[in-house]
Amino acid sequence: HTIIELIRDGRFEPVAVDNCSRSTANTINRIKKITGVQVPLYKVDICDKEVFFKVFEEEKNICGVIHFAAFKSVPESVHEPLMYYRNNLMSLVTVLEVMKKHNVKNIVFSSSCTVYGQPDAEHLPVDETAPIQKALSPYGNTKQINEEIICDQAHADSSLHATILRYFNPIGAHP
């Protein structure tokens, strides 16, 4: 959906980077069917800094990153916490390192409502003013840690423009 909207906006030429471990490369074909645009797809694990670095070398005009590369199953994260910590934390650290090296100053990070933990009655319904509480799963914890990493990096580099999106139910199909 994001790539389609970026294409429709007309100001950007999206590039997709995905190891396709939780998706399919056929998505790029569906995007082309909807938009008429063939989006470049790099089948790369962004945790692999050397390989991901090459994407930025090849695509010279990257102006920002939208990070959707986290594993996202709460139950799976409980059973496979190390897999979640490795992927969800290392992918962001790698992205930020490569962005810094290539002087890319814009990031949108896909976070989660899980950062609010289990809110008490006075903070229902949950909105942006609700306090962040202890995560109830490794998945939620990775999102909390990632938000802290982004804030720390933005504090260290005031030219970094970061937006953090906290979703409650991001699901749906394109009409």
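See the structure printed just above.
Reading the values: the criteria
- Residues numbered from 1 in each chain as written.
- Predicted model: local features only at pLDDT ≥ 70, side-chain atom pairs only at ≥ 80, totals over all residues.
- Heavy atoms only, no water.
- Phe/Tyr/Trp six-rings, centres within 6.5 Å; stacked < 30°, edge-to-face > 60°.
- Helix = DSSP H or I, 4+ residues; strand = E, 2+ residues; numbered from the N terminus.
- Buried < 20%, exposed > 50% of the residue type's maximum accessible area, 1.4 Å probe, protein only.
- Lys NZ or Arg CZ within 6 Å of the ring centre and 35° of its normal.
- Arc of directions from axis to C-beta.
- Contact = heavy atoms within 4.5 Å.

(A) How the structure looks around the packing of aromatic side chains. Enumeration according to the criterion identifies two aromatic pairs in this entry. Arranged with centres 5.2 Å apart and planes meeting at 75°, the rings of F52 and F56 form a pair that is edge-to-face. Here F52 pairs with F56, and both are found in helix α3 (residues 49–58), just four residues apart, close to one helical turn. Pairing F71 with Y84 gives two aromatic rings, centres 5.5 Å apart and planes at 65°, and the pair type is edge-to-face. Within this pair, whereas F71 is found in the loop between β3 (65–67) and α4 (74–79), its partner Y84 is found in helix α5 (residues 81–101), the two being separated by 13 residues in sequence. Here F71 matches Y84 in class, with each residue buried. One Lys or Arg, R22, reaches over the ring of F71 and ends 4.0 Å from the middle of that ring.

(B) Quick peek at α3. Every buried residue of α3 is listed here: F52, V55 and F56. When α3 is viewed along its axis, its buried side chains cluster within an angular range of 95° and face the same direction. Residues E50, K54 and E58 are exposed on α3 and point more than 90 degrees away from its buried face. Where α3 is buried, its residues contact β1 (16–17), β2 (41–42), β3 and α5.

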